[in-house]
Structures are given as structure tokens and as C-alpha cells.
Amino acid sequence: MSFNLNRFSIFLVIALPIVAELFRKYIFYSNVWLIILDVILLIIFVKALFKYKPPIIFNLWLLVLLIFSIHGVIFSLINDRSVFSLLFGLRTAFYPLVGFLIASSVNFDKDFSNQLIKFVLLLVILIAGFGAAQIIIDPQPWGGEIHWINYVPSEIEYGRSLGFGGFDQKVNDQFPIINLYRPHSIFLHTGKFGQVIWGLSAILLVLAGYLTPSKRGILMILIILLNIITFQRAALYPLILFMFIYVK
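Residues numbered from 1 in each chain as written. Predicted model: local features only at pLDDT ≥ 70, side-chain atom pairs only at ≥ 80, totals over all residues. Heavy atoms only, no water.

(A) Region of the structure containing the layout of surface pockets. Quantified by volume, the second largest pocket comes out at close to 260 Å³. Together, Lys110, Asn114, Ile117, Lys118, Leu121, Tyr210, Leu211, Thr212, Lys215, Ile218, Leu219 and Leu222 line the second largest pocket. Contributing elements (two or more residues each) for the lining of the second largest pocket: helix H5 (110-137) and helix H8 (213-230). The greatest single-element share of the lining of the second largest pocket, amounting to five residues, is contributed by H5. Of the residues belonging to the lining of the second largest pocket, the class tally is seven nonpolar, two polar and three charged. (1 Å grid on protein atoms, 1.4 Å probe; cavity = no way out; pocket = protein on both sides within 12 Å on 5 of 7 lines; lining within 4 Å. Points joined across faces, edges and corners; volume = space filled by probe spheres on them. Helix = DSSP H or I, 4+ residues; strand = E, 2+ residues; numbered from the N terminus. Nonpolar A, V, L, I, M, F, W, Y, C, P; charged D, E, K, R; others polar.)

(B) Region of the structure containing the packing of H5 against helix H7 (residues 190-207). Taken N-terminus to C-terminus, the directions of H5 and H7 make an angle of 155°; their axes are 10 Å apart at the nearest point. Viewed along their axes, H5 and H7 adopt a mutual orientation that is roughly antiparallel. Viewed along their axes, H5 and H7 form a crossing whose handedness is left-handed. On H7, the residues touching Leu116, Ile117, Val120, Leu121, Leu123, Val124, Ile127, Ala128 and Gly131 of H5 are Phe193, Val196, Ile197, Leu200, Leu204 and Leu207. Split by residue class, the contact of H5 with H7 holds 14 nonpolar, one polar and no charged. (Axes fitted to C-alpha atoms, helices over the stretch in contact; angles between N-to-C directions. Parallel < 35°, antiparallel > 145°, perpendicular 65-115°, else oblique. Left-handed = near helix turned anticlockwise from the far one by under 90°. Contact = heavy atoms within 4.5 Å.)

So, in C-alpha cells, the structure goes:
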């Protein structure tokens, strides 16, 4: 990939998941948008693998994902659950993997990297901020009149994680005083919200290498706080773990 195409690729990785979901939610509801998104991301991923030798930092990220995948398999076997359900989790992890590969394989100049950090961070704050607003404005979306912030297309059937987000039943059962509600933000699924925040956070982690240690520390704190809003443990745990081994 040429230098210009590299910039174009990172822009696609950042913007397409958001654009696809906005089209799916507000313009024309169809899962075709997700299929198109996956195909484009797969093309970018394969092309980057052929053009670049993945850096060590990318291999470390793969190791982290492998560890958590093994954990998922063991957990599924212990709880007598089908390990095939992990395929959905691996698909969720694919998006952060694409962003991490592109961001870690391209040698951006410092000025462009700083601008990219600001742009990605602004997107993450806006998306996570919308999710936080859902919790504050409409903390019990099934309990009364629905606020416009929880709009969903009429074509979908409301479910545990569709439309209004979802409650973390395990946490709520173990800690009755906690009513943990995971919002969906601008997306139609709380998991999709967590996936995009996770993916953009992974990109920020790579780009953090261009920052001073103090700014890098502030950015990592922000990443943790923004991912707490989604409360997707599959995203939060590897991000925190990776921060300990991320030295650049």
C-alpha cells in the first residue's frame, strides 16, 4: 500500500463501523451493512498482512487475544456451554485486530499521528458520551416512557441486547445493590458499542507511542474510563493487560 492508501485505510477502519451502523439504524435497517463492513475490513486486513511484516507490538496483541480465547474455551467447557459461541466473540475481536494492525504497520509522521489521535479520541468521547447520556437520562428504558435518546428502528424486535441495551444479569445477581445497565449508544447492540470503542481504543494505544509519557498516561486513563461505560469485560480486560506490556 502506498503512503496515501495507508492513510485512506486507517480512515476506513476508523469511520466505516460508525457509518455502517448509522445507516443501519437511521436510514435503512438491514444486516447487509454489517456484511459489507466485514468484507471491507477483511480486504484491508489481508492486504496489510501481505504488504507488511507485522511488528512485535501486533504479535503481542495477538498473544493477548489468544490467552483470552483459551480462557473462553475453558470457561465454556466448565459451564457446559458450546465452544462454538466463541466464534461470535472472535468476530467481535476482529475489528480491533484490523485497526491495531494498520496503526502499528504504518509509519505515520508525528504531526499526522497527533492529529489522528485527536480525531479518534474525539470520536470515542462522543460515542461513549452518548452511551453515558442513555444511562443518566433513561436508566430504566423498559420501566416507563422511552426517551428519544433510545430510538430504535421499528423493524427490529426488542431483546436483551437489542434496541435499549442490556442488563448484566450475572453482576446484578451476584451484587443485588448494583443494577448494571450497558447502553448501546448510537448502535443497535450493546456488544457493537463495546466492539467499536474497543477497536478505536486499540488504535489509540498504538498511536500513544508518539506521545510523551505523561500524555500517554492520561490517554490510557481516558481509554479505561471510556471502556467502563460500555462495561464489556472482553474488551476492558485485554486493554488493561496490554497497557502493562505496551512499552514503546
